[in-house]
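What follows is the residue order along each chain.
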Amino acid sequence: MKVLVIGGGGREHAIIKALKKSDKITQLYAAPGNGGISRDARCVPIKATDIPAVTEFAAQNEIDYVVVAPDDPLAIGMVDALEEKGIRCFGPDKAAARIESSKVFAKDLMKKYGIPTAAYEIFSDADKAADYVKSNSVSFPLVIKADGLAFGKGVIIAANSDEASAAIDSIMREKRFGLSGLKIVIEEFLTGPEVSVLAFTDGKSIAPMVSSMDHKRAFENNEGPNTGGMGVIAPNPHYTDEIARVCEKTIFLPTIKAMREEGCPFKGCLYFGLMLTPSGPSVIEYNSRFGDPETQAVLPLLETDLLEIMEAVTDERLSNLEIRWKNAHSACVVLASGGYPDVYKTGLAISGLDGNGNAKNSDAVIYHAGTEYRDGAFYTLGGRVLGVTAAASDLKSALESAYKTAEKISFEGVHYRRDIGKY
Ligand code: AMP
Ligand code: GLY
């Protein structure tokens, strides 16, 4: 089979490395891919959101299957366009992708179907939102979220009414996130450990993957600005079997049932961002796709052929498939550019990798998130540059192995957190 993966980050590299193990695949393509991905798949210079170019490429090259990995092509209907042309794919259609692309849709869905989530109000009028945060009916901190996609930056935790008003001004009046800020959700601040659970679902049944823990802040001790994710461990130590059972019953199954009943069954990878609050697990967010960097820690633990699972999702026969996981722990440490998530340099030479972008003399896997390959060498091309993942029978060994490999890789200004797995 000829398979095309849409996207070009660490998540896509992890998907591609997992797909590469499938005997059924004769040729793997990535659009646009990146430097490291180019060593594992044929990269085609098409933007991940360019639906006409992707559908044309897939038709002309007789692609059998397309994996649409990032949120934005899903939100604008890439799966719908490919399916219209008779091309099979993995990922939700536009209507189902609203579970991520509209927080208002997701919150209203949870309210209607009794799925636990923070109490909230929705506003489409900045003046009314501003009055609300100054009223006596609110207590702080409060969480303010832009309705639409906002590069992972659309969530503001306001400590008082001045900060809340500033957030409303920035999102709704100054339109910091463009049309994504036409509406906002203002919700209750919850506390507790956070857990990411990615799950395969064909709209009828659901198969949760091994749980994981992201580390969103840029610096150690969970300080500094929020990032796309600085590291992951899997499984998440807070996510016990008992909690998993509660989540399955109160969150996972009700969510796929709700999507079916709303006429938009979700097929693909559904990501549950959960908070284990004192009163039980609660949904912080849904994503309509594999998480990044979570995928870089989760997929290395998968034993079953990924393509086989993806096709079972597409053909709606997931419940017949047994999915096997390694009884192991994994740790992913993200090597970022100095200055990320703010201003950083690119085009810096990376040392410590072999010609295929792998680590030298190490079992750790290197996922490329933001690299370019030129004349046999790798250069930085993004904020998050590499994800170094190691698996072992216990978390401590996995972390040691990932850090040992990370230390041997360098580029000017390289920055990574030394405390992944400690929180
Ligand atoms: P999101 O972009 O929705 O993943 O939110 C980013 C981060 O904001 C989450 O990982 C949480 O740490 C935090 N957050 C979002 N919603 C809430 C909430 N209701 N209460 C507390 N923290 C939240
Ligand atoms: N790691 C969070 C996300 O993929 O959105």
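Up top you'll find the structure we're talking about.
Residues numbered from 1 in each chain as written. Chains lettered and ligands numbered in written order. Predicted model: local features only at pLDDT ≥ 70, side-chain atom pairs only at ≥ 80, totals over all residues. Heavy atoms only, no water.

K.L.:
How should I be thinking about the environment of Ser-351 in this particular structure?
P.N.:
For Ser-351, the position within the fold is in the loop between strand S18 (329-336) and strand S19 (365-368). Accessibility expressed as a relative area gives 37% for Ser-351, which makes it partly exposed. Sequence separation of Ser-351 and Val-68 is 283 residues, and the distance between their C-alpha atoms is 31 Å. Excluding residues within four positions of it along the chain, Ser-351 makes contact with Lys-408, Ile-409 and Ser-410. (Helix = DSSP H or I, 4+ residues; strand = E, 2+ residues; numbered from the N terminus. Buried < 20%, exposed > 50% of the residue type's maximum accessible area, 1.4 Å probe, protein only. Contact = heavy atoms within 4.5 Å.)

K.L.:
Which parts of the structure should I look at to understand the sheet that holds strand S15 (residues 231-234)?
P.N.:
By way of backbone hydrogen bonds, the strands of a sheet pair with one another, either parallel or antiparallel. Read from one edge of the open sheet, five strands run S12-S15-S18-S22-S19, paired in antiparallel fashion. With one partner strand each, in any of the chains shown, strand S12 (213-214) and S19 form the two edges of the open sheet. With eight bridges joining them, S18 and strand S22 (residues 384-392) adopt antiparallel strand pairing. Bridge pairing in S22 links Leu-335 to Leu-386. Where helix H12 (residues 395-407) meets the sheet, it contacts S15, S18, S19 and S22, and its direction lies at approximately 30° from that of S18. (Pairing = 2+ DSSP bridges. Axes fitted to C-alpha atoms, helices over the stretch in contact; angles between N-to-C directions.)

K.L.:
What should I look at first to understand the site of ligand 1 in this one?
P.N.:
In the vicinity of ligand 1, 14 residues are found, and the nearest of them are Glu-187, Glu-188, Leu-190, Glu-194 and Glu-285. At 2.8 Å from a nitrogen atom of ligand 1 is found a side-chain nitrogen or oxygen belonging to Glu-187. Within the side chain of Glu-285, an N or O atom sits 2.8 Å from an oxygen atom of ligand 1. For ligand 1, whose unbound accessible area comes to 480 Å², protein coverage reaches 90%. (Near = heavy atom within 4 Å. Polar contact = N/O pair within 3.5 Å; in protein donor to acceptor, adjacent residues only side chain to side chain. Areas by Shrake-Rupley, 256 points an atom, 1.4 Å probe, with all protein chains shown as cover.)

K.L.:
What is the right way to read the pairing of S15 from this model?
P.N.:
Side-chain direction in a regular strand flips from residue to residue, so the side chains alternate between the two faces of the sheet. Going residue by residue along S15, you find Gly-231 and Ile-233 tucked away on one face and Val-232 and Ala-234 tucked away on the opposite face as well. Alignment of S12 against S15, held across two bridges, turns out to be antiparallel. Across the sheet, the residue bridging to Met-213 is Ile-233, located in S15. As paired elements, S15 and S18 share four bridges and run antiparallel to each other. Residue Ile-233 lies in a different strand from S18, and its bridge partner there is Ala-331.

K.L.:
Can you walk me through the site of ligand 2 in this structure?
P.N.:
Surveying the vicinity of ligand 2 reveals the residues Asp-214, Tyr-271, Asn-287, Arg-289, Gly-291, Asp-292 and Glu-294. A distance of 3.1 Å is found between an oxygen atom of ligand 2 and a side-chain nitrogen or oxygen belonging to Asn-287. At a separation of 2.7 Å, a nitrogen atom of ligand 2 approaches a polar side-chain atom of Glu-294. Here ligand 2 loses 88% of its free accessible area of 200 Å² to cover by the protein chains. Considered class by class, the residues forming the shell around ligand 2 number one nonpolar, two polar and four charged. (Nonpolar A, V, L, I, M, F, W, Y, C, P; charged D, E, K, R; others polar.)

K.L.:
Would you mind going over the packing of aromatic side chains with me for this structure?
P.N.:
Think of a pair of aromatic rings as described by two things: how far the centres are apart, and how the planes are tilted against each other in angle. Taken as a whole and judged by the stated rule, the model has 10 aromatic pairs. Look at Phe-200 and Phe-290: their rings are 6.1 Å apart centre to centre, the planes differ by 80°, and that puts the pair in the edge-to-face class. Taken together, the positions of Phe-200 in strand S10 (residues 194-201) and Phe-290 in the loop between strand S17 (280-287) and helix H10 (294-298) put the pair 90 residues apart, joining distant regions of the chain. Considering the side-chain rings of Phe-252 and Phe-272, the 4.4 Å spacing of their centres and the 40° angle between planes classify their relative orientation as tilted. A residue pair is termed long-range when its members are at least 10 positions apart, and Phe-252 in helix H9 (residues 241-261) and Phe-272 in strand S16 (residues 268-277) qualify at 20 residues. Here Phe-272 falls in the buried class, since its relative accessible area comes to 0%. Aromatic rings pair up to connect Phe-90, Phe-200 and Phe-290 into one cluster. Of note, Arg-374 hangs over the ring of Tyr-379, and the distance from its end group to the ring centre comes to 4.0 Å. Positioned above the aromatic ring of Tyr-416, the side-chain terminus of Arg-418 is 4.0 Å from the ring centre. (Phe/Tyr/Trp six-rings, centres within 6.5 Å; stacked < 30°, edge-to-face > 60°. Lys NZ or Arg CZ within 6 Å of the ring centre and 35° of its normal.)

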